[in-house]
Amino acid sequence: MTTSTPDSVRLADTQLYRVTDVMRLLRMSRTVIYDQIRTGRLRSVKQGRARLITVSAIRDYITLLEKEAEEAA
């Protein structure tokens, strides 16, 4: 599925995402994303002053959320 929106983000297109991109992908606020990074639940890397999140870190985080949801049920 492709969209014509220039700011749309898909995991297959990019390997490193800025926090603003991850906010859109995960539909979470900036504060929540940085809290997840700070606690180690969402891995990130720094390039200069930019905080970047890898595709594998996003996938691992989603897997973690799914596992936690299953355990809570």
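Residues numbered from 1 in each chain as written. Predicted model: local features only at pLDDT ≥ 70, side-chain atom pairs only at ≥ 80, totals over all residues. Heavy atoms only, no water.

(A) Seen up close, the pairing of strand β3 (residues 50–54). As paired strands, strand β1 (residues 16–18) and β3 are joined by three bridges and run antiparallel to one another. Its bridge partner lying in β3, Arg18 is registered against Leu52. Pairing analysis gives three bridges linking strand β2 (residues 45–47) to β3, with the strands arranged antiparallel. Across the sheet, residue Gln47 finds its bridge partner in β3, namely Ala50. (Pairing = 2+ DSSP bridges. Helix = DSSP H or I, 4+ residues; strand = E, 2+ residues; numbered from the N terminus.)

(B) Looking closely at the environment of Val55. Inspection of the secondary structure puts Val55 in helix α3 (residues 55–72). Sequence separation between Val55 and Thr14 is 41 residues; the distance between their C-alpha atoms is 7.7 Å.

(C) Layout of helix α1 (residues 19–26). Taken together, the buried positions of α1 are occupied by Val19, Asp21, Val22 and Leu26. Along the long axis of α1, the arc covered by the buried residues comes to 155°, so they all point the same way. The elements touched by buried residues of α1 are β1, α2 (30–38), β3 and α3. Taken from the residues just after α1, Arg27 is the one with a positive phi, measuring 55°. (Buried < 20%, exposed > 50% of the residue type's maximum accessible area, 1.4 Å probe, protein only. Arc of directions from axis to C-beta. Contact = heavy atoms within 4.5 Å.)

(D) A look at the pattern of salt bridges. By the definition in use, this model includes four salt bridges. The salt bridge involving Arg41 is made with Glu68; its shortest N-O contact spans 2.6 Å. One end of the pair, Arg41, is in the loop between α2 and β2; the other, Glu68, is in helix α3, with 27 residues separating them in the sequence. You can call Arg41 partly exposed: its relative accessible area is 29%. Between Asp60 and Arg43 there is a salt bridge whose closest N-O contact spans 2.8 Å. Separated by 17 residues along the polypeptide, Asp60 in helix α3 and Arg43 in the loop between α2 and β2 bring together distant segments of the chain. Accessibility expressed as a relative area gives 40% for Asp60, which makes it partly exposed. (Salt bridge = Lys/Arg side-chain N within 4 Å of Asp/Glu carboxyl O.)

(E) Region of interest: the packing of α1 against α3. Taken N-terminus to C-terminus, the directions of α1 and α3 make an angle of 35°; their axes are 12 Å apart at the nearest point. Handedness of the α1/α3 crossing: right-handed. Seen from α1, the contacting residues are Val22, Leu25 and Leu26; seen from α3, they are Ile58, Tyr61 and Ile62. Among the residues making up the contact of α1 with α3, the classes are represented as six nonpolar, no polar and no charged. (Axes fitted to C-alpha atoms, helices over the stretch in contact; angles between N-to-C directions. Left-handed = near helix turned anticlockwise from the far one by under 90°. Nonpolar A, V, L, I, M, F, W, Y, C, P; charged D, E, K, R; others polar.)

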